[in-house]
Amino acid sequence: MSTQPPNIVLLGPPGAGKSTITEALVHQHDFVPISTGQRLRAEIKARTALGRTVAPYLDRGDLVPDSLMDRLLRACLETLDPEHGFLLDGYPRTMPQALGLAGTLADYNRRLDLAVVLEVGDDEVVRRLSGRRICEGAGVPFPVHIDDLASIIRCRERGGQPVQRDDDRPEVVRQRLAVYHRQTQPLLDFYDAVGQLRRVDARNTPAEVARAVAAMLSNGST
Ligand code: ADP
């Protein structure tokens, strides 16, 4: 591993907990999180030109075209402090994105150190996402789950409202999963072949998964 903070890609199906783990890890390491899904949703909310273009894709559960994602990624890397590593949550998601990533990173004097995949089965994904709500209106939005009454109460006590993400509707979740299997899963073999893939069992609690990933990063397995 170089002395530079590592640059990590986080892979896994929707609902594997990529954003939750990203949140947990950035508090422990000098990582800058780059969450492409979050950035796209922010563009949609702000009704920018990019937001208007990508909204129909997110609405259907389809991927945004690679050319637009490449521009978005470059804009993120442009402003990244060279002292910090990044944790890419949600990119790459297609073979062309994975193949282009090395070249894009080289333009910013970086290279990828590790691809960590959070593994969880389809049934668990559907359970998690169909019950997932985002607590809005209580500071920084945070995920809650309808099966976890304590989390719903916590949200309401802070004056928040549990809201379903548009793309967490069951028919869109099914489409996102199909897209993951078809377009993103081949990336696992790709990173495995170059010795950069690490697998983590994501059926455990977020704290356990975050610990497993953190241990992987600090024990030099990069
Ligand atoms: P999840 O991983 O749970 O599906 P994200 O927040 O990462 O959620 O992504 C939400 C949506 O944003 C995706 O369904 C897709 O439409 C779009 N998106 C995010 N990252 C990419 C990417 N790298 N390439 C294409 N589309 C993307």
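Calculation criteria
Residues numbered from 1 in each chain as written. Predicted model: local features only at pLDDT ≥ 70, side-chain atom pairs only at ≥ 80, totals over all residues. Heavy atoms only, no water. Phe/Tyr/Trp six-rings, centres within 6.5 Å; stacked < 30°, edge-to-face > 60°. Buried < 20%, exposed > 50% of the residue type's maximum accessible area, 1.4 Å probe, protein only. Lys NZ or Arg CZ within 6 Å of the ring centre and 35° of its normal. Near = heavy atom within 4 Å. Polar contact = N/O pair within 3.5 Å; in protein donor to acceptor, adjacent residues only side chain to side chain. Areas by Shrake-Rupley, 256 points an atom, 1.4 Å probe, with all protein chains shown as cover. Helix = DSSP H or I, 4+ residues; strand = E, 2+ residues; numbered from the N terminus. Nonpolar A, V, L, I, M, F, W, Y, C, P; charged D, E, K, R; others polar. Salt bridge = Lys/Arg side-chain N within 4 Å of Asp/Glu carboxyl O. Core = buried A, V, L, I, M, F, W, Y, C linked by side-chain atoms within 4.5 Å. Contact = heavy atoms within 4.5 Å. 1 Å grid on protein atoms, 1.4 Å probe; cavity = no way out; pocket = protein on both sides within 12 Å on 5 of 7 lines; lining within 4 Å. Points joined across faces, edges and corners; volume = space filled by probe spheres on them.

**Student:** Teacher, can you tell me more about the packing of aromatic side chains here?
**Tutor:** The description of an aromatic ring pair uses the distance of the two centres, along with the angle that the planes make with each other. By the definition in use, this model includes one aromatic pair. Both rings, one in phenylalanine 190 and one in tyrosine 191, keep their centres 5.0 Å apart while their planes meet at 70°; by these two values the pair is edge-to-face. Take tyrosine 191: its relative accessible area is 2%, and that puts it in the buried class. In this arrangement the basic side chain of arginine 60 is found over the ring face of tyrosine 57, its NZ or CZ atom lying 5.2 Å from the centre.

**Student:** Help me understand the site of the ligand in this model?
**Tutor:** As a structural note, the neighbourhood of the ligand is formed by 19 residues, with Thr36, Arg41, Asp62, Gly90 and Arg176 the closest of them. The side chain of lysine 18 places a nitrogen or oxygen atom 3.0 Å from an oxygen atom of the ligand. With respect to the ligand, the backbone of glycine 90 contributes an N or O atom lying 2.8 Å from a nitrogen atom. Within the complex, the protein chains bury 97% of what would otherwise be the 550 Å² of accessible surface of the ligand. Looking at which element gives the most residues to the shell around the ligand, the answer is helix H2 (residues 36-45), with four residues. A per-class count over the shell around the ligand returns seven nonpolar, five polar and seven charged.

**Student:** Help me understand the pattern of salt bridges in this model?
**Tutor:** Pairs may arise between side chains of opposite charge once their charged atoms sit close together. Inspection of the entire model under this criterion finds 14 salt bridges. The salt bridge involving aspartate 113 is made with arginine 111; its shortest N-O contact spans 3.3 Å. With relative accessibility at 49%, the residue arginine 111 sits in the partly exposed group. The shortest N-O distance in the salt bridge between aspartate 147 and arginine 127 comes to 3.0 Å. Of this pair, aspartate 147 sits in the loop between strand S6 (142-145) and helix H7 (149-157) while arginine 127 sits in helix H6 (residues 122-131), placing them 20 residues apart in sequence.

**Student:** It is not clear to me how the nonpolar core should be interpreted in this structure. Could you clarify?
**Tutor:** If you look at soluble globular proteins, the nonpolar side chains tend to sit buried side by side. The biggest cluster of nonpolar side chains holds 28 residues, and the ones touching the most others in it are Leu11, Phe86, Leu88, Leu101 and Tyr191. Secondary-structure elements contributing two or more residues to this core are strand S1 (8-11), helix H3 (49-60), helix H4 (66-78), strand S3 (85-89), helix H5 (95-107), strand S4 (114-119) and helix H9 (186-193). The element best represented in this core is H4, accounting for six residues. What leucine 101 contacts, discounting residues up to four positions off in sequence, is Val9, Leu73, Leu88, Tyr91, Pro92, Leu112 and Tyr191. Ranked by size, the runner-up nonpolar core spans 24 residues in total, among them Ile8, Phe31, Ala210 and Ala214.

**Student:** Is there a simple way to think about the layout of surface pockets in this case?
**Tutor:** Take a probe with the size of a water molecule and roll it over the atoms, and the empty space left behind shows itself. Put simply, the second largest pocket is a space of about 160 Å³. Lining the second largest pocket are Ala98, Leu101, Ala102, Leu105, Ala106, Arg110, Arg111, Leu112, Phe190, Tyr191, Val194 and Gln196. Taken together, the elements giving at least two residues each to the lining of the second largest pocket come down to H5 and H9. Among the elements that make up the lining of the second largest pocket, the one with the highest residue count is H5 (five residues). Classifying every residue of the lining of the second largest pocket by side-chain character gives nine nonpolar, one polar and two charged.

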